[in-house]
Every structure is written in C-alpha cells, then in structure tokens.
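Structure assessment
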Amino acid sequence: MYNRTMNNNLREYTDRFTDFSKKSISDFILYNSGIEYCEPDYSYGPKRRDYHFIHFVKEGKGLLEIENQQIEVHENQLFIVPANVVSTYTANQQDPWKYSWIGFTGIESVNFVQTLLQSSKASFVMDCADASFYEKRIEEIIELNQNTFGSYFKINGIMYDIVGTLLGECEIETVNDHQTSPSFQAMRYMDLHYHDDIQISDIAYSVGIHPNYLSAMFKEEIGVSPKKYLTNLKINKAKKLLTESDDPINLIAGSVGFTDALSFSKFFRKEMGISPTEYRKDHN
C-alpha cells in the first residue's frame, strides 16, 4: 500500500492543457513535474504509471525498488522509472532525500528512456553533476503554472532544456552499433513493454522496419526470434511473480500482458507443461 501525504514540502505542476490521449501521440511532452523534500521513511508505491518519470536527488538518500531490485539512490543521482513499470521509492529514515522530478510521455519518449537506460551503469540509476540545477529549472515550471497557450510552450521548452542538458551531461552523443541496431532497440522495447499486449508488428513499428525484416535480423543477431524472446521474457517474469509473490493469477496475467487469467494459463501451460497454479505449488 502506498503512502502519499500532502504537505508543505511538496510542490508540483501537472499539465491540464492537453488531454492525455493527445499527449500519448505527441512526439515528446511534459506530463507533470515537482519538487519534494521528504519526511523520514516517506514512501510512495508500489505503483505503475502510464508515463515515464525521472527523479533528481539534490540531498539525502533513499531506496528505489523496481524490477526485483533494491537500489540506494543518494545526493546528485537520478533514478528513471519507465512507463508501466511498477516501482516503490522510500526516503531514508536518518537522511531523507530532497528531490525534483519530471514526468513525460509521447512517441519519442521511449527512445529517450532507452538511451538513458543504455548509458546507466546501474539499472535505472545514474549520477548527475548537480541535481540542484534540475530543481531550479523545475522551479521555473512550477512558477509558470498557468493554463495558457504561452505558458504551455514555455513549460515544454524548459522540459526540453532539461532533457538536452541531461543527455549532454551524460555525454550521450553516440552509442555503439550494437546499441543502435534495430534488434537491440526491439529487445529494449520488449523489456519495457512485456506487460502490454504487444505484437511483433508493434515492435517492428517502434523501430521503424518491416516485421519480416526485423524477425530475420533479430534471429541472426540475438539468436532467437523476436516472438521467442518475448515469450521467454513473459514466462520468466511470470515465474518470478508466481514464486516471489502472493498475487492472484489474474493479476499476474495482467502484469505480463494478458487480458485474462484463462489466456495466460493456456500460454503458460503450453510453454511450461503445467498450469501457473501447479508451478506455484511445486516451487513454494
């Protein structure tokens, strides 16, 4: 159960100028931003959101829990949470963090998140030179909190400056051929969207090539077909949830991209030879 107590240490801006349906088809657009100086042990999550977000830690430290990992994040670090990925983050009891954040969405936002994750030495966490810089820029967004056309463009301009500064600071100018290949991009797309009901055509569209061409290239470079990679990814995630949580089967089904427990159970039995319930029983 998550805890989000409103207090004087929280200031935020949420874009209400644009409908979310229009945000999702924009190239890159701000969803929200804010600044929060947390109380000791303050926690938020577990929660899944339909937009990406980045927190910049100016002072203190805390714990990020994501994808079965627990990562301590401290002063002058940032943590990235992709859209639709469940996360929990908790401020340290003795030295609670002070952070600012931006949330964003849009067609190009996935590529931006993938680029940052590729450059990260520790999954979802990166160093930054001066997190207070990002807080100051986000402060400008909050002060421009006006429901006008002009402020909308000014706010998104600041967001683009934040993104550009972050990419420049991380020295992300070029990446190696393996990282820029459609196969690698497709693999990262599946890593981030396995919990959605995605098809090979969706994956091919995300990297801009024909599904048949992607399948041939992916199998040559990765060693398995995109379909098999996605199947293995869903199965491995499901197995972890079955053995490491008490979540009901229908919730696990939704967590790995199925609309109902029956279709998930048929898929699981086909791949594993037993039902999800039997697997859970055998491995607990």
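Structure's up top.
Residues numbered from 1 in each chain as written. Predicted model: local features only at pLDDT ≥ 70, side-chain atom pairs only at ≥ 80, totals over all residues. Heavy atoms only, no water.

Moving on, we come to the sheet that holds strand β9 (residues 98-105). Read from one edge to the other, the open sheet built from 6 strands follows the order β1-β2-β9-β4-β7-β10, with strand pairing classed as antiparallel. Here the strands that pair on one side only, and so sit at the sheet edges, are β1 (10-14) and β10 (125-127). Sheet twist, expressed as the mean angle between neighbouring strand axes with direction ignored, is 15°. For strand β2 (residues 29-37) and β9, the ladder comprises 8 bridges, and the chain directions are antiparallel. The partner of Ser-33 across the bridge, within β9, is Ile-102. Packed on one face of the sheet, helix α2 (residues 109-119) meets β4 (52-59), β7 (77-81), β9 and β10 and runs near 45° to β4. Against the sheet, helix α3 (residues 131-143) contacts β1, β2, β4 and β9, and its axis sits at roughly 115° relative to β2. (Pairing = 2+ DSSP bridges. Helix = DSSP H or I, 4+ residues; strand = E, 2+ residues; numbered from the N terminus. Axes fitted to C-alpha atoms, helices over the stretch in contact; angles between N-to-C directions. Contact = heavy atoms within 4.5 Å.)

Turning next to helix α7 (residues 200-207). Turn by turn, an α-helix covers 3.6 residues, leaving residues three or four places apart pointing in a common direction. Looking only at α7, the buried set comprises Ile-203, Ala-204 and Val-207. Each buried residue of α7 lies within a common arc of 95° when the element is viewed along its axis, so the set occupies one face. If you follow the buried residues of α7, they end up packed against α6 (182-193), α8 (211-222) and α9 (226-244). Positive backbone phi, approximately 80°, marks Gly-208, located one or two places after α7. (Buried < 20%, exposed > 50% of the residue type's maximum accessible area, 1.4 Å probe, protein only. Arc of directions from axis to C-beta.)

Turning our attention to the packing of aromatic side chains. Centre distance and the angle of the planes are the two values used to describe a pair of aromatic rings. Considering all chains together, one arrives at 21 aromatic pairs under this definition. When the ring of Phe-28 is compared with that of Tyr-160, the centres are 5.8 Å apart and the planes differ by 45°; the resulting orientation is tilted. Here Phe-28 is found in the loop between α1 (20-24) and β2, whereas its partner Tyr-160 is found in helix α4 (residues 149-169), with 132 residues between them in sequence. Phe-28 gets classed as buried once you look at its relative accessible area, which sits at 10%. Relative to Tyr-99, the ring of Trp-97 has its centre 5.5 Å away and its plane inclined at 65°; by these criteria the two rings are edge-to-face. Side by side, Trp-97 and Tyr-99 carry an identical accessibility label, which is buried. Feature note: the residues Tyr-31, Tyr-44, Tyr-51, Phe-53, Phe-79, Tyr-89, Trp-97, Tyr-99 and Trp-101 constitute an aromatic cluster, connected by ring pairs. It is Arg-49 that lies over the ring of Phe-53; its NZ or CZ is 3.8 Å from the centre. (Phe/Tyr/Trp six-rings, centres within 6.5 Å; stacked < 30°, edge-to-face > 60°. Lys NZ or Arg CZ within 6 Å of the ring centre and 35° of its normal.)

Another point: α9. Between its terminal C-alpha atoms α9 stretches 27 Å, which fits the 27 Å expected from 19 residues at 1.5 Å a residue. Among the residues of α9, Pro-226, Tyr-229, Leu-230, Thr-231, Leu-233, Lys-234, Ile-235, Lys-237, Ala-238 and Leu-242 are the ones counted as buried. Looking at the buried side of α9, the elements it contacts are α6, α7, α8, α10 (249-255), α11 (261-272) and α12 (276-282). (Expected span 1.5 Å × (residues − 1).)

As a further point, take the pattern of salt bridges. Going through the model one piece at a time under the given rule, you end up with 9 salt bridges. With a closest N to O distance of 2.9 Å, Glu-140 and Arg-137 form a salt bridge. Taken together, the residues Glu-140 and Arg-137, both in helix α3 and 3 residues apart, mark about one turn of the helix. The exposure class assigned to Glu-140 is partly exposed, which follows from its relative accessible area of 33%. Residues Lys-228 and Glu-271 are paired through a salt bridge, measuring 3.8 Å at the closest nitrogen-oxygen approach. Note that Lys-228 is positioned in helix α9 and Glu-271 in helix α11, a separation of 43 residues in sequence. A relative accessible area of 36% means that Lys-228 is categorised as partly exposed. Taken together, the salt bridges that share partners define one network made up of Arg-137, Glu-140 and Asp-161. (Salt bridge = Lys/Arg side-chain N within 4 Å of Asp/Glu carboxyl O.)

This part takes up the pairing of β9. Counting buried positions along β9 gives 7 out of 8 residues, so the element sits mostly inside the fold. With 7 bridges connecting them, β4 and β9 associate as antiparallel partners. Looking at β9, one finds that Phe-56 is bridged to Ser-100.

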